[in-house]
Amino acid sequence: MTDGKKNHDTRAIDCAEAMRQLFDYLDGEVEAAAHEEIHRHLDGCRSCFSRVEFEKALKARVRKAARSRAPDSLKDRLDVLIRGFAVAGEAAARDREPKTRAGKDPRKSRG
Amino acid sequence: MEVTADSGAFFAGQVRGAMDSLYGAALKLTRNAGEAEDLVAEAVGRAWSAFQSLEDRSRFRPWLFRILTNTYIDRYRKRRDSPAMESWDDSGACDDDDGNFSLFERLHQPFLLWWGNPEQEYVNKLLREDINRAIDALPAVFRLAVILIDVEGFAYREAAEALGVPVNTVRSRLKRGRACLQKALWKHAGDIGVTKSATEGASLR
Ligand SMILES: [Zn+2]
């Protein structure tokens with residue numbers, strides 16, 4: 001996969017090394033130094049550059065195609081659930097307060 | 001941590017913010033809209049019950065997805081004998097040449113290059129249904145890795161927490177999931193006319 005160009009930088013990585021880290025690189029999972037090395041390799045290597053561009057485009061396409069939006073029925077259902085939790089949580093908080101101070105105590109609103 | 005009005009608001013805000021992602025993952029796991037809604041609702045209920053045990057609130061998202069995943073597994077175990085039964089491990093049948101299949105290498109062939117940029121053209125022509133059909137056909141553990149990272153944008157560490165496995169397991173599941181997905185898309189390539197000559201000329205195994 002080399003394109004015949006020789007890179008004289010001592011820290012330069014070759015195609016095999018760049019491609020070994022291809023997905024970590026695309027997923028933003030490589031350290032800054034390694035990222036820089038790969039970047040530099042891609043600047044000088046048309047073959048690896050094309051591969052990276054392809055994987056990047058495919059990943060974006062998959063993301064766009066497979067994303068979903070929660071239907072309104074689920075949103076409503078979760079709203080009801082969460083409101084129920086809130087009521088239960090407030091009741092539990094009230095139960096923990098001293099009887100004489102039932103109602104508002106700012107200390108109780110911290111988790 | 002005590003459950004207070006403040007933590008209740010935190011929980012509600014986090015769940016609302018994650019709703020589309022939760023539903024998306026549930027839909028891809030169950031492959032059924034009604035079941036996906038039930039799964040999310042059950043997982044959110046379980047999450048609320050366990051919320052007091054969550055020590056680090058900054059890990060809420062992976063923690064919530066961990067509960068979603070476990071809820072799915074529990075539900076699936078209950079109906080083990082149903083035809084919908086699917087294995088939940090890394091041994092799932094996945095036609096991916098052991099993780100080495102590369103769609104790019106198949107598309108990037110000298111006899112196709114006269115055409116300009118066949119790889120890019122191919123990506124542009126992929127239909128939403130093609131991609132979703134290919135994802136739905138992946139074994140569950142590979143499917144979920146692809147969903148969390150490629151679709152929901154989780155970092156590897158977050159996905160590892162959500163799945164309860166080491167980061168390297170996430171990496172290998174992702175590798176196989178992507179290779180398998182790419183192979184399914186390649187098999188389909190001839191149908192959309194992008195690589196007619198390629199799919200006819202190359203062995204599909
Ligand atoms: Zn290269």
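The shown structure was predicted, so the numbers you read here are calculated from the model rather than taken from an experiment. (Residues numbered from 1 in each chain as written. Chains lettered and ligands numbered in written order. Predicted model: local features only at pLDDT ≥ 70, side-chain atom pairs only at ≥ 80, totals over all residues. Heavy atoms only, no water.)

Undergrad: An account of the overall build of chain B is needed here, citing residue identities and associated values.
TA: Looking only at helices and strands, chain B has 10 helices and zero strands in total. Seen in sequence order, chain B has helices and strands lined up from the N terminus as α-α-α-α-α-α-α-α-α-α. Evaluated residue by residue, chain B yields a buried proportion of 53% over its 205 residues. Restricting the contact set of chain B to residue pairs at least 6 apart, pairs at least 24 apart contribute 69%. Approximately 9000 Å² of chain B is accessible, and the part contributed by carbon and sulfur atoms is 49%. (Helix = DSSP H or I, 4+ residues; strand = E, 2+ residues; numbered from the N terminus. Buried < 20%, exposed > 50% of the residue type's maximum accessible area, 1.4 Å probe, protein only. Contact = heavy atoms within 4.5 Å. Areas by Shrake-Rupley, 256 points an atom, 1.4 Å probe, with all protein chains shown as cover.)

Undergrad: Explain the packing of aromatic side chains to me, using residue names and the numbers behind them.
TA: In total, this model carries 13 aromatic pairs over all chains according to the counting rule given. Note on Phe85 of chain A and Trp48 of chain B: the rings are 4.9 Å apart at their centroids and 5 degrees apart in plane angle, and the pair reads as stacked. One end of the pair, Phe85 of chain A, is in helix α5 (residues 72-96); the other, Trp48 of chain B, is in helix α2 (residues 33-50), on a second chain. Across this residue pair, the class does not change: Phe85 of chain A and Trp48 of chain B are buried. Between Phe10 of chain B and Phe60 of chain B the ring centres are 5.6 Å apart and the planes differ by 90 degrees, which places this aromatic pair in the edge-to-face class. Linking Phe10 of chain B in helix α1 (residues 5-30) with Phe60 of chain B in helix α3 (residues 60-78), this pair joins segments that are 50 residues apart in sequence. Counting every residue linked through ring pairs, the aromatic cluster contains Phe85 of chain A together with Phe10, Phe11, Trp48, Phe51, Phe60 and Trp63 of chain B. (Phe/Tyr/Trp six-rings, centres within 6.5 Å; stacked < 30°, edge-to-face > 60°.)

Undergrad: Could you give an account of the environment of Leu78 of chain A, naming the residues involved and the relevant values?
TA: Positionally, Leu78 of chain A belongs in helix α5. Overall, the relative accessible area of 0% leaves Leu78 of chain A in the buried class. For Leu78 of chain A and Ala16 of chain A, which are 62 residues apart along the polypeptide, the C-alpha to C-alpha distance reads 49 Å. Once residues within four sequence positions are removed from consideration, Leu78 of chain A is found in contact with Val15, Met19, Val40, Ala41 and Val44 of chain B.

Undergrad: How would you summarise the domain arrangement of chain B if you had to cite specific residues and measurements?
TA: All names here are of chain B. In terms of domains, chain B is made up of domain 1 (5-77) and domain 2 (103-203). At the junction of the two partners, domain 1 supplies 12 residues and domain 2 supplies 16 residues. Both sides of the domain 1 and domain 2 interface together cover about 1400 Å² of buried area, and 52% of this is carbon and sulfur. On the domain 1 side of the interface with domain 2, the three residues burying the most area are Lys28, Arg59 and Arg61, jointly 40% of the side's total. (Domains from an automatic or database assignment. Buried area = accessible area lost by both parts, 1.4 Å probe.)

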